[in-house]
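# Fold and geometry: a report
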Amino acid sequence: DVEEAKTTIDYIIKFSKINKEKATKLKSDIQDLKNPKIKEENIIKIIDFLPKSQEEVNKIFTEATLTEEEANAIIEITGKY
């Protein structure tokens, strides 16, 4: 949905610790995991907090439980930012 994507990007720009280009790339990298447990609101929180540990990742996912492998995939990506 184009409007949802625009809203997400606007939010990322307003609150993110990283610049727009990096935030957009990070969003794309997370989406490339193609994990159905990762929803748009999770991606926003990942960009906001840039989690560095499995515990931090699990705090973001209140409605789904990620496996250690899934959490580590996110940590690997956020570690680049």
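Look a little higher up for the structure.
What you see is a predicted model; the values in this text were computed from it and never measured. (Residues numbered from 1 in each chain as written. Predicted model: local features only at pLDDT ≥ 70, side-chain atom pairs only at ≥ 80, totals over all residues. Heavy atoms only, no water.)

## Let's talk about the pattern of salt bridges
This structure, assessed with the given rule, holds 4 salt bridges. For K27, the salt bridge goes to E40, with nearest N and O atoms at 3.1 Å. With a gap of 13 residues between them, K27 in helix α2 (residues 20–31) and E40 in helix α3 (residues 40–49) connect regions that are remote in the sequence. Owing to a relative accessible area of 8%, K27 belongs among the buried residues under this scheme. (Salt bridge = Lys/Arg side-chain N within 4 Å of Asp/Glu carboxyl O. Helix = DSSP H or I, 4+ residues; strand = E, 2+ residues; numbered from the N terminus. Buried < 20%, exposed > 50% of the residue type's maximum accessible area, 1.4 Å probe, protein only.)

## Describing α2
Its 12 residues place the ends of α2 16 Å apart at the C-alpha level, agreeing with the 16 Å of an ideal helix rising 1.5 Å per residue. Taken together, the buried positions of α2 are A23, L26, K27, D29 and I30. The arc that holds the buried residues of α2, viewed along the axis, is 165°, so those residues lie on one side. Its side-chain oxygen 3.2 Å from the backbone nitrogen of E21, N19 forms the N-cap of α2. (Expected span 1.5 Å × (residues − 1). Arc of directions from axis to C-beta. Polar contact = N/O pair within 3.5 Å; in protein donor to acceptor, adjacent residues only side chain to side chain.)

## A few points about unusual backbone geometry
Within the chain, K34 stands out as a residue other than glycine whose phi angle is a positive 50°. Inspection of the secondary structure puts K34 in the loop between α2 and α3. Located in the positive-phi region is L50, a residue other than glycine, with phi close to 45°. Relative to the helices and strands, L50 is located in the loop between α3 and α4 (54–60).

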